[in-house]
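# Overview (structure and organization)
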Amino acid sequence: MYIVINGGGKVGSFLARQLTERGHAVALIEKREEITRKLVIEVPGDPLIIHGDGCDATFLEDAGIARADVFVAATGDDDDNLVACQLAKVAFGVPRAVARVNNPKNEHIFNALGVEAISSTTIIGRL
């Protein structure tokens, strides 16, 4: 499977490591240059790591979004995650978009737009 991840922080880098270790092809987009350099060294396998903004169609194209099976938005910004997922689904036809939702009040917006929303706050609250 080919997965594109937007956001190379703790969540995105963890996912990239897990997925590459399981044999999946991964592209990771990160806009902070220092984090991008760190990811190149720390993520095993041969993921494509791009320094850029995952809300910009150009960087999504560079990541090969048109052939992605899954798009994951894992930044700390709900607005960026929603925009990136909408671009992936609508503009590029990615079949599955999954987003980290930082503010559980935003979860219904993601769901209404067909994005699988994951809020750790909501999950913990349900436990």
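Residues numbered from 1 in each chain as written. Predicted model: local features only at pLDDT ≥ 70, side-chain atom pairs only at ≥ 80, totals over all residues. Heavy atoms only, no water.

## As for the nonpolar core
Grouped together as the largest cluster of nonpolar side chains are 23 residues, with contacts concentrated most on Val 4, Ile 65, Phe 71, Cys 85, Val 94 and Phe 110. Sorting the residues of this core by element identifies β1 (2–6), β2 (25–30), β4 (70–73), α4 (78–91) and β5 (96–100) as the ones contributing at least two each. Tallying contributions element by element places α4 first for this core, with four residues. Sequence-distant contacts of Cys 85, defined by excluding residues within four places in its chain, comprise Phe 71, Ala 73, Ala 97, Val 98, Ala 99 and Val 115. If you look at the next biggest cluster of nonpolar residues, it comprises 14 residues, including Ile 3, Val 26, Ile 35 and Val 70. (Core = buried A, V, L, I, M, F, W, Y, C linked by side-chain atoms within 4.5 Å. Buried < 20%, exposed > 50% of the residue type's maximum accessible area, 1.4 Å probe, protein only. Helix = DSSP H or I, 4+ residues; strand = E, 2+ residues; numbered from the N terminus. Contact = heavy atoms within 4.5 Å.)

## Considering a nonpolar patch on the surface
Together, Ile 118, Ile 123 and Leu 127 line one region of the surface with nonpolar side chains, adding up to about 350 Å² of accessible area. Note on placement: Leu 127 falls in the segment after α6 (120–126). (Patch = residues over 30% accessible without salt bridge, like charges linked within 9 Å, V, L, I, M, F, W, Y side chains within 5 Å. Areas by Shrake-Rupley, 256 points an atom, 1.4 Å probe, with all protein chains shown as cover. Salt bridge = Lys/Arg side-chain N within 4 Å of Asp/Glu carboxyl O.)

## Regarding the pattern of salt bridges
By the definition in use, this model includes four salt bridges. When the shortest N-O distance is used, the salt bridge between Arg 32 and Glu 30 registers 2.7 Å. Taking the relative accessible area as the measure of exposure, Arg 32 reaches 38% and is therefore partly exposed. One salt bridge connects Asp 80 with Lys 31, and the closest N-O pair in it is separated by 3.2 Å. You can see Asp 80 sitting in helix α4 and its partner Lys 31 sitting in the loop between β2 and α2 (33–42), a full 49 residues away along the chain.

## Quick word on α4
Each α-helix turn comprises 3.6 residues. Residues three or four places apart therefore point the same way. In a regular helix each residue adds 1.5 Å, so 14 residues correspond to 20 Å; α4 covers 19 Å between its end C-alpha atoms and thus fits that length. Of all the residues in α4, the buried ones are Asp 78, Asn 81, Leu 82, Ala 84, Cys 85 and Ala 88. Those residues of α4 that are buried are in contact with β1, β4, β5 and α5 (107–112). Two or three places before Asp 79, at the opening of α4, Asp 77 has a side-chain oxygen 2.9 Å from that residue's backbone nitrogen. Of the residues flanking the end of α4, it is Gly 93, one or two places downstream, whose phi is positive at about 70°. (Expected span 1.5 Å × (residues − 1). Polar contact = N/O pair within 3.5 Å; in protein donor to acceptor, adjacent residues only side chain to side chain.)

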